[in-house]
Protein chains: 2
Amino acid sequence: MGIVTADIGISLDGFAAGPNQSLEKPMGEGVDGRLHTWMFEYAEQHQAEIDAITTAGAYVMGRNMFGPVRNQWPAPDEPLGDWAGWWGDVPPYHAPVFVLTHYERDPLELTDTTFYFVTDGIHSALDQARELAGDADVSIAGGAETLNQALWAGVVDELRLHVVPLTLGAGERVFDRVPPLDLELVRERVTPEVAHLTYRVRR
Amino acid sequence: MGIVTADIGISLDGFAAGPNQSLEKPMGEGVDGRLHTWMFEYAEQHQAEIDAITTAGAYVMGRNMFGPVRNQWPAPDEPLGDWAGWWGDVPPYHAPVFVLTHYERDPLELTDTTFYFVTDGIHSALDQARELAGDADVSIAGGAETLNQALWAGVVDELRLHVVPLTLGAGERVFDRVPPLDLELVRERVTPEVAHLTYRVRR
């Protein structure tokens, strides 16, 4: 059986997104693409880290990471409607994706992936993801709130932080309200664009 | 003229000390020595980083980092009294140290260093430190509140974070209320005990 991994791009002060996320600024104010420049503009230099993300056997993500609803940023209690997500017809997730939401919805089949909508919490999402992942890893794909839930629940084996050299001062904070963790460095690679720091979460 | 550097040991979630600092637990609850294990228990492996700290020509620090008063953790408005600081008769600072405080006090001469007490703010402390440092660097020695003041004032040239593989969940947070910063990686070395990440602060 694989492990549960989690990848998240964060600012040096620990934010995975800026404040006031909106359809126009899905990463929040003051961020633009800067937390993910390494992935897109410098993809070649970071292929190993990108490959490590995209080889998971299944993913779990929060509903804001799946996408907005009816061209508006959804309120937390709004259903996801028929929106097909941020990810276009060929999402970068070439494996099943389990989306945490409060609203039931039929699975959405796209090229190479299916989005499943899970209404009964992160443990259920992980169980379903593990079943479809087989021997491969299950990846917590973000955002911060979903990762924090997973850390809080003690289900993350390997935490891969991608720390970008800027601070935001406000926004969605990784580790927010998560009890203290003891970690062990298992891999690292630091470049001008991003510090890739991978930790095993000790139990 | 030297530059202004700042060294601070932090948890992966950005705390330089835990909550509820006290005389018994000067680093706050749940920390013990763990944010500085690399400096003390693994000093040999981190000599280069320790040398970089100790070669400054002068230091600026917050009053809690200087030490408690009358065997009690001082309230923010309490004078420093006659306390000789945390650092014993031979402090690790072999250069003048300027302590930010609200209370005037005569300089305290110890082996190889003098502690000066500055009541008119961080800019004044830095000016005085620069004058005594000559061509050497001036180092902001911490804690988080003093570093945040310096970052907020835009006076830090080189920020040296020493990131320890644990999270605290609460305490004194680096970057708290500091406006967004744009940084440039200038040096890095990652070990199991600590990730040394040095950034130039862009203006």
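Along each chain, residues carry numbers from 1 onward, in the same order as the chain's sequence is written. Here the convention is simple: chains get letters from A, ligands get numbers from 1, in the order in which they are written. Side-chain atom pairs in this predicted model are given and counted only at pLDDT of 80 or more, local residue features only at pLDDT of at least 70, and totals for whole chains, interfaces and linings cover all residues.

**Observations regarding the overall build of chain A**
Alright, step 1. The helix and strand tally for chain A stands at 5 helices and 11 strands.
Alright, step 2. Taking 203 residues into account, the globule formula puts the C-alpha radius of gyration at 17 Å, and chain A, at 16 Å, falls close to it.
Alright, step 3. Dimensions of chain A, computed from C-alpha atoms along their principal axes, come out at roughly 40 × 40 × 35 Å.
Alright, step 4. Looking at the 203 residues of chain A, the share that counts as buried comes to 46%.
Alright, step 5. What counts as a contact is two residues whose backbone-derived C-beta atoms lie within 7 Å of each other. Considering only contacts within chain A whose residues lie at least 6 apart along the sequence, 67% involve residues at least 24 apart. Helix and strand definitions follow DSSP, with helices as H or I runs of at least four residues and strands as E runs of at least two, each counted in order from the N terminus. We compute the radius of gyration from the C-alpha atoms alone; for a globule the expected value is 2.2 Å times N to the 0.38, where N is the number of residues. Three classes are used. A residue is buried when 20 or more other C-beta atoms lie within 10 Å of its own, exposed when 12 or fewer do, and partly exposed in between, with C-beta atoms placed from the backbone.

**Focus: the interface of chain A and chain B**
Alright, step 1. Residue-level contacts link 24 residues of chain A with 24 residues of chain B.
Alright, step 2. Residue contributions to the side of chain A that touches chain B peak at 5 residues, all from strand E10 (residues 183-190) of chain A.

**Points about unusual backbone geometry**
Glycine aside, a negative phi is what most residues show, and trans is what most peptide bonds show.
Alright, step 1. Note that the residue after A:Gly142, namely A:Gly143, is joined by a cis bond; omega there is -5°.
Alright, step 2. Positionally, A:Gly143 belongs in the loop between strand E7 (138-142) and helix H5 (144-152).
Alright, step 3. In this structure, A:Asp112 takes a positive phi of about 75° despite not being glycine.
Alright, step 4. Considering the arrangement of structural elements, one finds A:Asp112 in the loop between strand E5 (108-110) and strand E6 (113-118).
Alright, step 5. Backbone geometry places B:Asp32, a non-glycine residue, at a positive phi of 50°.
Alright, step 6. Taking the number of C-beta atoms within 10 Å as the measure of exposure, B:Asp32 has 12 and is therefore exposed.

**Some words on the relation of the copies chain A and chain B**
Alright, step 1. With an RMSD of 0.0 Å, chain A superimposes on chain B once it is rotated by 180° and translated 0.0 Å along the axis. Interpreted geometrically, this transformation is the action of a two-fold axis. Minimal C-alpha separation from the rotation axis in chain A is found for A:Gly14, amounting to 3.6 Å.
Alright, step 2. Same-surface contact between copies: 100% of interface residues of chain A are shared with the interface of chain B. The least-squares superposition of copies is restricted to C-alpha atoms, and to residues with a pLDDT of at least 70 in both copies.

**A few points about the confidence of the model for chain A**
Alright, step 1. Known as pLDDT, the predictor's confidence for each residue is given on a scale from 0 to 100. Summarising the model, chain A shows a mean pLDDT of 91, and 92% of its residues fall at 70 or more.
Alright, step 2. Interface predicted TM-score (ipTM) for the complex: 0.90; the corresponding pTM is 0.92.

**Points about the nonpolar core**
Alright, step 1. Joining buried Ala, Val, Leu, Ile, Met, Phe, Trp, Tyr and Cys residues through C-beta atoms within 7 Å gives a set, and that set is a nonpolar core. A:Tyr59, A:Val60, B:Tyr59 and B:Val60 are the most contacted members of the largest nonpolar core, which totals 110 residues.
Alright, step 2. Excluding residues that lie within four positions of it along the chain, B:Val60 makes contacts with B:Phe98, B:Leu100, B:Ile122, B:Ala125, B:Leu126, B:Ala129, B:Val138, B:Ile140, B:Ala141 and B:Thr146.

**A few points about the sheet that holds strand E8 (residues 158-164) of chain B**
All names here are of chain B.
Alright, step 1. In this analysis, strands are considered paired if DSSP registers two or more bridges between them. Strand order across the open sheet formed by 9 strands is E5-E6-E4-E3-E7-E1-E8-E11-E10, with mixed pairing between neighbours. Both edges of this open sheet fall to strand E5 (108-110) and strand E10 (183-190), since each of them pairs with a single strand only. The average undirected angle you get between the axes of adjacent strands in this sheet is 20°. Lines are fitted to the C-alpha atoms to define the axes, a helix being fitted only along its stretch in contact, and any angle between axes, read from their N-to-C directions, falls within 0 to 180 degrees.

**As for the pairing of E10(A)**
Residues and elements named next belong to chain A.
Alright, step 1. Here 7 bridges tie E10 to strand E11 (residues 195-201), and the two strands are oriented antiparallel to one another. Counterpart to Arg189 in the pairing with E11 is His196.
Alright, step 2. Where E10 folds back on E11, the antiparallel hairpin that results is connected by 4 residues.

**Digging into the sheet that holds E5(A)**
Residues and elements named next belong to chain A.
Alright, step 1. Strand order in the open sheet formed by 9 strands is E5-E6-E4-E3-E7-E1-E8-E11-E10, and the pairing between neighbours is mixed. Unpaired on one side and paired on the other, E5 and E10 mark the two borders of the sheet. The average undirected angle you get between the axes of adjacent strands in this sheet is 20°.
Alright, step 2. The pairing of strand E4 (residues 97-100) with E6 spans 4 bridges and is parallel. Within the sheet, the bridge partner assigned to Leu100 lies in E6 and is Val118.
Alright, step 3. Most of the contacts of helix H4 (residues 122-133) go to strand E3 (residues 58-62), to which it runs at about 160°, and overall it touches strand E1 (4-11), E3, E4, E6 and E7.

**Remarks on H4(A)**
All names here are of chain A.
Alright, step 1. In this scheme, a helix's expected span is set at 1.5 Å multiplied by one less than its residue total. The end-to-end C-alpha distance of H4 is 16 Å, a good match for the 16 Å that 12 residues give at a rise of 1.5 Å each.
Alright, step 2. Among the residues making up H4, those that are buried are Ile122, Ala125, Leu126, Ala129 and Ala133. Down the axis of H4, the smallest arc covering the buried residues is 95°, so these residues share one side.
Alright, step 3. The inward-facing, buried residues of H4 abut E1, E3, E4, E6, E7 and H5.
Alright, step 4. The positive-phi residue at the C-terminal boundary of H4 is Gly134, with phi of around 60°. Here the arc refers to the directions that run from the helix axis out to each C-beta atom.

**With respect to the environment of B:Ala153**
Residue and element names in this part refer to chain B.
Alright, step 1. Residue placement: Ala153 occurs in helix H5 (residues 144-153).
Alright, step 2. It is 8.2 Å that separates the C-alpha atoms of Ala153 and His123, two residues lying 30 residues apart in sequence.
Alright, step 3. The contact partners of Ala153, leaving out residues within four places of it in the chain, are Ile122 and His123.

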